[in-house]
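Take a look at the letters that make up each chain.
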Amino acid sequence: MTDVIASEWLKLRSVRSTGYLLLALLLTLLAGSAVAYLMTADWDTSPPQQRARFGSADPSVMVVPFGQFLFGVLGALAVTSEYGSGMIRTALVSVPRRRTLLLAKTAVVGGGAVVLGLVVASAAALSGELITGDRPAPIAAFDSSAALWSAVLANAAALALLALLGLGLGFVLRSTAGTLVALCGLLFVLPVLVLMLPQPWDERLYALTPGVLAPQLTGAMADPSLTPWGAGLVMVAYAAVSLGAGAAVLLRRDA
Amino acid sequence: MSVVDRRPIRPARRPATLGRVIEVRELTKRYGATKAVDGLSFAVGPGCVTGFLGPNGAGKSTTMRAVLGLDRPTSGEALVGGRRYAEIPRPMHHVGALLDASAAHGGRTAYDHLRVLARSNGIGDKRVVAVLEEVGLAGVARRRVGALSLGMRQRLGVAAALLGDPGVLLFDEPVNGLDPEGIRWIRRLMRSLAAEGRTVLVSSHLMGEMALTADRVVVVGRGKLILEASVRELSDRFRRDVLVRTPRPAELTAALRAAGATVREEAGALLVRDLDAPGIADLAAAARLPVHELTPRGASLEEAYLELTDDSVDHRAGGTDR
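Residues numbered from 1 in each chain as written. Chains lettered and ligands numbered in written order. Predicted model: local features only at pLDDT ≥ 70, side-chain atom pairs only at ≥ 80, totals over all residues. Heavy atoms only, no water.

1. Looking at the overall build of chain B
Now for step 1: For chain B, the count of helices and strands is 10 helices and 13 strands.
Now for step 2: Here chain B holds 322 residues, and the buried ones make up 51% of them.
Now for step 3: Of the contacts formed within chain B by residues at least 6 apart in sequence, a portion of 71% connects residues at least 24 apart.
Now for step 4: Only carbon and sulfur atoms are counted for the fraction: they give 50% of the accessible area of chain B, which is about 14700 Å². (Helix = DSSP H or I, 4+ residues; strand = E, 2+ residues; numbered from the N terminus. Buried < 20%, exposed > 50% of the residue type's maximum accessible area, 1.4 Å probe, protein only. Contact = heavy atoms within 4.5 Å. Areas by Shrake-Rupley, 256 points an atom, 1.4 Å probe, with all protein chains shown as cover.)

2. Focus on the pattern of salt bridges
Now for step 1: By the definition in use, this model includes 27 salt bridges over all chains.
Now for step 2: The salt bridge partner of B:E293 is B:R245, with a shortest N-O separation of 2.7 Å. Here B:R245 lies in strand β10 (residues 241-245) and B:E293 lies in strand β13 (residues 293-297), a separation of 48 residues in the sequence.
Now for step 3: The exposure class assigned to B:R245 is partly exposed, which follows from its relative accessible area of 34%.
Now for step 4: One network of salt bridges, in which partners are shared, links A:E8, A:K11, A:E82 and A:K105. (Salt bridge = Lys/Arg side-chain N within 4 Å of Asp/Glu carboxyl O.)

3. Some points on the UniProt feature "transmembrane region" (unreviewed entry) in chain A
Residues and elements named next belong to chain A.
Now for step 1: With numbering aligned to this structure, UniProt lists the feature "transmembrane region" (unreviewed entry) at residues 20-40, 60-80, 101-126, 146-173, 180-198 and 229-251.
Now for step 2: In residues 146-173, the share of helix is 100% and the share of strand is 0%. The end C-alpha atoms are 40 Å apart.
Now for step 3: With 100% helix and 0% strand, residues 229-251 has end C-alpha atoms that lie 32 Å from one another. (UniProt positions renumbered as here; feature names shortened; annotations may be inferred.)

4. Some thoughts on the domain arrangement of chain B
Now for step 1: For chain B, the assigned domains are domain 1 (22-104 + 149-230) and domain 2 (238-302).
Now for step 2: In this structure, domain 1 of chain B and domain 2 of chain B have C-alpha centres spaced 42 Å apart. (Domains from an automatic or database assignment.)

5. Regarding the interface of chain A and chain B
Now for step 1: With 27 residues of chain A at the interface, the matching set in chain B holds 35 residues.
Now for step 2: Together, the buried faces of chain A and chain B total about 2600 Å²; carbon and sulfur atoms form 52% of this surface.
Now for step 3: Summed over the three residues of chain A that lose the most area to chain B, namely A:R89, A:V93 and A:D254, the buried surface amounts to 21% of that side.
Now for step 4: Our count for the chain A to chain B interface comes out at three salt bridges.
Now for step 5: Between B:D100 and A:R89 there is a salt bridge whose closest N-O contact spans 2.9 Å.
Now for step 6: When contributions to the side of chain A that touches chain B are tallied by element, the ones reaching two or more residues are α1 (2-13), α4 (60-85), α5 (87-94) and α11 (228-252) of chain A.
Now for step 7: Considering every element that reaches the side of chain A that touches chain B, the biggest residue donor is α1(A), with seven residues.
Now for step 8: For the side of chain A that touches chain B, the class distribution of residues is 11 nonpolar, seven polar and nine charged. (Buried area = accessible area lost by both parts, 1.4 Å probe. Nonpolar A, V, L, I, M, F, W, Y, C, P; charged D, E, K, R; others polar.)

6. Examining the pairing of strand β7 (residues 199-204) of chain B
All names here are of chain B.
Now for step 1: β7 sits mainly inside the fold: six of its six residues count as buried.
Now for step 2: Side-chain alternation along β7 places T199, L201 and S203 on one buried face and V200, V202 and S204 on a second face that is also buried.
Now for step 3: Pairing of strand β3 (residues 49-53) with β7 involves five bridges; the strand directions are parallel. Bridge assignment links V49 to a residue of β7, and that residue is V200.
Now for step 4: Both strand β6 (residues 168-172) and β7 contribute to a ladder of five bridges, which runs parallel. Its bridge partner lying in β7, F171 is registered against V202.
Now for step 5: Viewed along the sheet, the connection from β6 through helix α5 (residues 180-195) into β7 turns out right-handed. (Pairing = 2+ DSSP bridges. Right-handed = clockwise from strand over helix to strand, strands pointing away.)

7. What to know about the side chain of A:T132
All names here are of chain A.
Now for step 1: Following the sequence through the fold, T132 ends up in helix α6 (residues 98-132).
Now for step 2: Classification of T132 as buried rests on a relative accessible area of 1%.
Now for step 3: Setting aside chain neighbours within four positions, we find T132 in contact with T40, A57, I139 and A140.

The structure is reproduced here in structure tokens:
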């Protein structure tokens, strides 16, 4: 098992797509920070009654949704690039126990995504803090460092979740294009569609979409539909369902 | 760790009968309505190259994929060393496989591709370097797989198969995409692997290629076993006739036919079947007919193969006569 994990880790490190995804994450961080900086500059020149209507200058607002997509791509490519190239056959001949292969991939992608998610979420939150300095709310996102770190943990979880979701979907769909379309649908199209439903289903279902789980997890969202525990459970359910479906397909279908 | 595990595969449940390293039993694989493999049984033994022959679509690749656990048989089983491939821990030490040359991630370097595979079976990087050297890819080790020529990728596939120094090797159409030099190389490689006592199964749709490489052949068509024989037996067995030249063909033909032989005239010579050369000579002497030439002819293996698989070719160019 450790051999297979080592092999999967090397797989992840030895392809260019991983580097490109890290670069894209860095660009997203820079763009998010730039927006936060511009908002803060605007805040400084605004009169007090307008300041009260400002949102907080938190780069995470932009970094997390884009980051979720990029993490999803990372997870998906770990599988679909193998199906696309035929590498999966070579991989399954060297590791014919499919359960072992799935567990090793999940460990590497999931573990890597948690670490990377923590780095990205901290970088986003801290750069926001750095930009807003000692300005008060609402331009400053967090009133305490406890609030900041709980947001970082929740955002990291939301990012890592998408990597596992991408991985599971990749095993089910086997195609890069198909999996990326599914991820885009889940992240960007589904929330819009769901909000068109009649009340109260619009809000109830919207609360379940992967983009709004992190703020419900910390309880930072005003008027949330889910309790923090509920949001956590929904996250676990997403990962469990997609990986479970992926496992079922991998174990049953011919490679 | 780079210690190579040379232990033979221990039989798990049933003893592996000597000489039956790869064993396919009543294997059937159905894709929807079509049976790619249909009740196929054969065994492959060590110390020789076994050719796995059949026209395209005969079920060769499907069988190989079933042996390697990639495809689940609809019924029957395929065993290596007496057990299913998936039950072998660290299988690269026991079985090496060359599938299609494209079965690698194009963005990884040749070296990294092999390292990924080696690592999953606890094989060290030193062995990776040695194998790259052995297949002649040391110079392009840092090149991405996608940038390699088809022939180089084929060599890379061979390198992957050799990584664990396995006792059993399966090559699926290894000469595809190789240049003449590469073809000679892989032929020699397979012969020397077999000479070391390993079990080598190599699939091909070209009889001519197998005649040069294989000691035994397993011929399949439409998913069924047509024949399992040594190459020698095969060439002995098929379409023998005797070419006879005589200045008096009409009389000799009549005499031969009277003796029960089948005679055909071609380019001024008689082609005689169902009577061997000494028989023809005796007959001619008895009839006092001069014979200028008497040549027993074996059909080429290629012809034998075409005859064998004639009924099992799925598609053939319309109207062209072979």
